[in-house]
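The primary structure of each chain is shown beneath.
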2 protein chains.
Amino acid sequence: MKPVQHDMPAPLLQVEEDFIALWRGMSSLWGISPTMAEIHGLLFITGAALSMDDIMARLRISRGNVSMNLSKLVEWGLVKRVHKRGDRREYYESLTDVWEMFTLVAAQRKRREIDPIVTTLRQCRERLSPESLGAEASRPEAEAQRRRVQDLLSFLTLVDSLAQRFFESQRGLRTAVDLLAQEKE
Amino acid sequence: MKPVQHDMPAPLLQVEEDFIALWRGMSSLWGISPTMAEIHGLLFITGAALSMDDIMARLRISRGNVSMNLSKLVEWGLVKRVHKRGDRREYYESLTDVWEMFTLVAAQRKRREIDPIVTTLRQCRERLSPESLGAEASRPEAEAQRRRVQDLLSFLTLVDSLAQRFFESQRGLRTAVDLLAQEKE
DNA sequence: GATAACTTTCAGGTCTTCCTGAAGAGGATG
DNA sequence: CATCCTCTTCAGGAAGACCTGAAAGTTATC
């Protein structure tokens, strides 16, 4: 992989390489494409605003590939477009605040996983209710199935609300800390 | 999909179908194969111990496919082998306790995602330390990169330990509740 | 208005994952 | 010991995800 900056110490470049490879390795577990993960990894670990040419050169991938995957990262809010005056090229940079970043990841995960599951489970529960099933609702199999659906639903809504409270509370805490830091200046 | 029990009310079968389809849909987000998700979904929602033939028939997939994916589910601990006396076939059933199930899922996620990331980030941090870099360590780029790595590391170790405490506390809580319930009987 | 610079979209190719159907392995039965 | 039952493993094919390289689109410059 061709480095962007030739004067960068080798260890820093190696760390970048390792991080990008790590992120790419996680892509299949995160339900995203390898390239999407690589681009994000590159932008996060360098902390720089890079153009599409920069990303192409560094990751050795085609312009089309960069374009499609960058668009997704921007859509997720993990990457922002940055304009440099006098330069027609778009530059892209990652969020640097880890909390903000993972808040977005959690929101995306909720959108893609939790919400569809909860929606379908509620529909299933509805279909298994006495109102829907009538007398059959008291059959042991129906009761057992309803309980399984309900257990799963309860668990997921609990985890979901805890996660939301977690991110909300961290945000509040960090805002307070930031304000205190500013007052001391 | 051919039902296992012909006398089951249609709504129950429909709920099973919907749940299995939901689980399959989540497979790419969970980094598992569609079949692995389907089998787990089938075993969980039916609550029954099914043989490989049962699973093959219900999901309309090959024996080899069932075998490979069932093995993985057993390895994860999400599915258990059940022996029925006088029957040579192996039967498989899902964990029914949602907490236990997700504790295992969390453990698997830790093993596949968190641990490798933390390991690599620690190595990166080590490589960026003054002990490794010498005078170059005080370069602004090196300090910035070290901070990014450290921020990510801090965040992930916090989330990891909170998740572990969460599952541990729930386990303790539920054990206490179960004991109380038994004493009342 | 033509040209250039830059990004997006597309059609087709590549590669990886996943599955099938058959062979192989192991163990029970007669 | 042969046969059968059941599960595992394998080689190859299928399907889908992903990528490329080029065409198309957009906008700025001259």
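Residues numbered from 1 in each chain as written. Chains lettered and ligands numbered in written order. Predicted model: local features only at pLDDT ≥ 70, side-chain atom pairs only at ≥ 80, totals over all residues. Heavy atoms only, no water.

**Here's the deal with the protein's contact with DNA strand D**
- As a structural note, the neighbourhood of DNA strand D is formed by 19 residues, with A:Thr35, A:Ser62, B:Ser67, B:Arg88 and B:Glu90 the closest of them.
- Per the 4 Å cut-off to the protein, sugar and phosphate atoms form 71% of the nearby atoms of DNA strand D.
- In the environment of DNA strand D, a phosphate oxygen lies 2.6 Å from a nitrogen or oxygen atom belonging to the side chain of B:Ser67.
- For the surface near DNA strand D, the elements supplying multiple residues, two or more each, are helix H4 (63-76) of chain A together with helix H4 (63-76) of chain B.
- Within the surface near DNA strand D, the residues separate by chemical class into 4 nonpolar, 8 polar and 7 charged. (Near = heavy atom within 4 Å. Polar contact = N/O pair within 3.5 Å; in protein donor to acceptor, adjacent residues only side chain to side chain. Helix = DSSP H or I, 4+ residues; strand = E, 2+ residues; numbered from the N terminus. Nonpolar A, V, L, I, M, F, W, Y, C, P; charged D, E, K, R; others polar.)

**Description of the pairing of strand S2 (residues 79-83) of chain B**
All names here are of chain B.
- Here S2 runs beside strand S3 (residues 90-94); their pairing, made up of 5 bridges, is antiparallel. Across the sheet, Arg 81 pairs through a bridge with Tyr 92, a residue of S3.
- Counting the residues that bridge the hairpin from S2 to S3 gives 6 residues, and of these Gly 86 lies at a positive phi of roughly 85 degrees. (Pairing = 2+ DSSP bridges.)

**Quick look at the protein's contact with DNA strand C**
- Within the structure, DNA strand C sits among 19 residues, and A:Ser67, A:Glu90, B:Thr35, B:Ser62 and B:Arg88 are positioned closest to it.
- Counted by atom, the contact set of DNA strand C within 4 Å of the protein is 67% sugar and phosphate.
- Take A:Arg81: an N or O atom from its side chain is 3.1 Å from a phosphate oxygen of DNA strand C.
- One of the side-chain N or O atoms of B:Asn65 is found 3.0 Å from a phosphate oxygen in DNA strand C.
- Residue assignment for the surface near DNA strand C shows that the elements contributing at least two residues are H4 of chain A together with H4 of chain B.
- In the surface near DNA strand C, the residues fall into 4 nonpolar, 8 polar and 7 charged.

**Brief notes about the environment of A:Ala10**
Residues and elements named next belong to chain A.
- Take Ala 10: it is sitting in helix H1 (residues 10-30).
- Residue classification places Ala 10 among the exposed residues on the basis of a relative accessible area of 56%.
- For the pair formed by Ala 10 and Met 56, sequence separation is 46 residues and the distance between their alpha carbons is 20 Å. (Buried < 20%, exposed > 50% of the residue type's maximum accessible area, 1.4 Å probe, protein only.)

**A short note on the interface of chain B and chain A**
- Contacts between chain B and chain A engage 51 residues on the former and 51 residues on the latter.
- Carbon and sulfur atoms supply 74% of the area buried between chain B and chain A, which totals about 4500 Å² over both sides.
- Broken down residue by residue, the surface that chain B buries against chain A is led by B:Leu29, B:Arg148 and B:Phe155, which jointly contribute 14%.
- Counting across the interface, chain B meets chain A through 2 salt bridges.
- For the salt bridge of A:Asp18 with B:Arg127, the shortest nitrogen-to-oxygen distance reads 2.8 Å.
- The interface formed by chain B and chain A holds 14 residue pairs in polar contact (both at pLDDT 80 or more) in total.
- Within the residue set of the side of chain B that touches chain A, elements represented by two or more residues are helix H1 (10-30), helix H2 (34-46), helix H5 (98-127) and helix H7 (140-184) of chain B.
- In terms of residue count, the dominant contributor to the side of chain B that touches chain A is H7(B) (14 residues). (Contact = heavy atoms within 4.5 Å. Buried area = accessible area lost by both parts, 1.4 Å probe. Salt bridge = Lys/Arg side-chain N within 4 Å of Asp/Glu carboxyl O.)

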